[in-house]
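A closer look at the structure
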Amino acid sequence: MAAAPDNIQIRVHSRRGGGGNTIHPVSVESPPTAAAGIYRDVKHSKKWFPWLIPSFVVVNIVMFIITMYVNNCPKNSISCVAGFLGRFSFQPFKENPLLGPSSSALEKMGALDVGKVVDEHEGWRLITCMWLHGGVFHLLANMLSLIVIGIRLEQEFGFVRIGLLYLISGFGGSLLSALFIQSNISVGASGALFGLLGGMLSELITNWTIYANKVAALLTLFGWVNQRYAPSGYTSISANPKFKVYQCVLWGLSLILLIVGFTVGLVLLLRGEDLNDHCSWCHYLSCVPTSRWSCNTQPVSCQAEQAGSQYTLTCSNNSRSRTYSLLNPTAAQIQGLCVQLCR
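The paragraphs below set out a description of the structure included in this document. The model shown is predicted, which means the values in this text are computed figures rather than measured ones.

1. Things to note about the overall build of the protein chain
On a plain count of helices and strands, the protein chain comes out with 10 helices and 5 strands. Looking at the protein chain as a whole, 32% of its 343 residues qualify as buried. When the accessible surface of the protein chain is split by element, carbon and sulfur atoms take 62% of a total near 21400 Å².

2. Focus: the packing of aromatic side chains
This model, assessed by the stated rule, comprises 6 aromatic pairs. On the numbers, 5.1 Å between centres and 50° between planes, the contact of Trp-51 with Phe-159 is tilted. With a gap of 108 residues between them, Trp-51 in the loop between strand 2 (22-27) and helix 1 (52-71) and Phe-159 in helix 6 (residues 136-180) connect regions that are remote in the sequence. When its relative accessible area of 40% is taken as the criterion, Trp-51 is described as partly exposed. The class for Phe-159 is partly exposed, based on a relative accessible area of 34%. Relative to Phe-262, the ring of Phe-171 lies with its centre 5.3 Å away and its plane at 75°, an arrangement referred to as edge-to-face. Of the two residues, Phe-171 is situated in helix 6 and Phe-262 in helix 9 (residues 245-270); the sequence distance between them amounts to 91 residues.

3. Section: the pairing of strand 3 (residues 302-307)
The buried count for strand 3 comes to 0 of 6 residues, which makes it a mostly uncovered element. Two elements, strand 3 and strand 4 (residues 310-315), share 6 bridges in a ladder whose sense is antiparallel. Its bridge partner lying in strand 4, Ala-304 is registered against Leu-313. A loop of 2 residues connects strand 3 with strand 4, the two strands running antiparallel in sequence, and Gly-308 in this loop sits at a positive phi of about 70°.

4. What to know about the pattern of salt bridges
The tally for this structure, following the rule as stated, stands at 5 salt bridges. The partner of Glu-122 in a salt bridge is Arg-125, with the nearest N and O atoms 2.6 Å apart. Arg-125 carries the same exposure label as Glu-122, and that label is buried. Residue Glu-273 pairs with Arg-271 through a salt bridge whose shortest N-O separation is 3.9 Å.

5. Focus: the packing of helix 6 against helix 9
Direction vectors running N to C along helix 6 and helix 9 enclose 35°, while the axes themselves pass 10 Å from each other. Our pair here, helix 6 against helix 9, has a crossing hand that is left-handed. Counting all contacts with helix 6, which are made through Ile-168, Phe-171, Gly-172, Leu-175, Ala-178 and Leu-179, the residues of helix 9 involved are Leu-258, Phe-262, Gly-265, Leu-266, Leu-268 and Leu-269. Looking at the contact of helix 6 with helix 9, its residues break down into 10 nonpolar, 2 polar and no charged.

6. Examining the state of the cysteines
Taken as a whole and assessed by the stated rule, the structure comprises 2 disulfides. Sulfur-sulfur distance for the disulfide between Cys-73 and Cys-80 comes to 2.1 Å. Note on the Cys-73 and Cys-80 pair: the S-S dihedral is about -105°, so by sign convention the disulfide is left-handed. The partly exposed category is assigned to Cys-80, whose relative accessible area is 28%. Covalently, Cys-302 is tied to Cys-338 through a disulfide, its sulfur atoms 2.0 Å apart. Residues Cys-302 and Cys-338 share a disulfide whose torsion about the S-S bond is about 95°; that sign makes it right-handed. Here the residue Cys-302 occupies a position in strand 3, and Cys-338 occupies one in helix 10 (residues 331-342), the gap between them amounting to 36 residues.

How each quantity is defined
- Residues numbered from 1 in each chain as written.
- Predicted model: local features only at pLDDT ≥ 70, side-chain atom pairs only at ≥ 80, totals over all residues.
- Heavy atoms only, no water.
- Helix = DSSP H or I, 4+ residues; strand = E, 2+ residues; numbered from the N terminus.
- Buried < 20%, exposed > 50% of the residue type's maximum accessible area, 1.4 Å probe, protein only.
- Areas by Shrake-Rupley, 256 points an atom, 1.4 Å probe, with all protein chains shown as cover.
- Phe/Tyr/Trp six-rings, centres within 6.5 Å; stacked < 30°, edge-to-face > 60°.
- Pairing = 2+ DSSP bridges.
- Salt bridge = Lys/Arg side-chain N within 4 Å of Asp/Glu carboxyl O.
- Axes fitted to C-alpha atoms, helices over the stretch in contact; angles between N-to-C directions.
- Left-handed = near helix turned anticlockwise from the far one by under 90°.
- Contact = heavy atoms within 4.5 Å.
- Nonpolar A, V, L, I, M, F, W, Y, C, P; charged D, E, K, R; others polar.
- Disulfide = S-S within 2.5 Å.

The following block contains the structure:
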């Protein structure tokens, strides 16, 4: 005889009258197991199609190509790296170890020059410098980071929030650079990337309790929660769109700090303040001196003496001197040799 099926409930329906009592066996499903390690499916949050971050990547690459075209190393320098690229070849390693253009080309394209921002009222450089890069290595590092971080953020939060976060963070990074790097130009999207990293960290802290492996999430800084494997009892954030009170408070405080920080930073910048005067070690955050690279932030200048086709340049910063054989050199070529000599 076959064994009786499990989970059988006996329901007795009592009727008054001649029908008597009838017994109906009903099979029901067992309740879900609540054992550790068992997860249930929950509703997925809406995923956005990422298009803004890839567009930012394309814009940065196009701007770098245009910068290299404007740079035109064979015309403006004595020697170039990867000369087979023609006017797209790179400046010498001693002048630019990142495989990129000269500082003068970057300045023409809108690099952050504090003197021009303060004295010539070119505040737009605080924005344009975000889309420029110092070389191939600089561009690759930033764009790979932007793709890895930005696309997933845009998928979760949409292009409006991530676009604003990118632009506001980039402007803040430019403003901070202007307060610390005042003798040299500054370029790059690092400020915007740090803003996206801050967004990732914020998401990690906000959803800290739903991570099964908190150590792994912390080590990777951001481990997107796959809601399909969220712990039992966890409901999708999208099911309850209202913000909690503490989140609204934090949002308000963040907005106030943002406005105050930007206002104070702009006031200090327009007053010509150099924050390095108040911080003796902060300059190491942007440059670490080595035997091959100097972090001297003083403007580069040289004294030139000509004897026929022989030009003797003496660097005013370190007193180094060198003689070059040049035939009708341009001012840009001499400046490039001066930069190499002073570094």
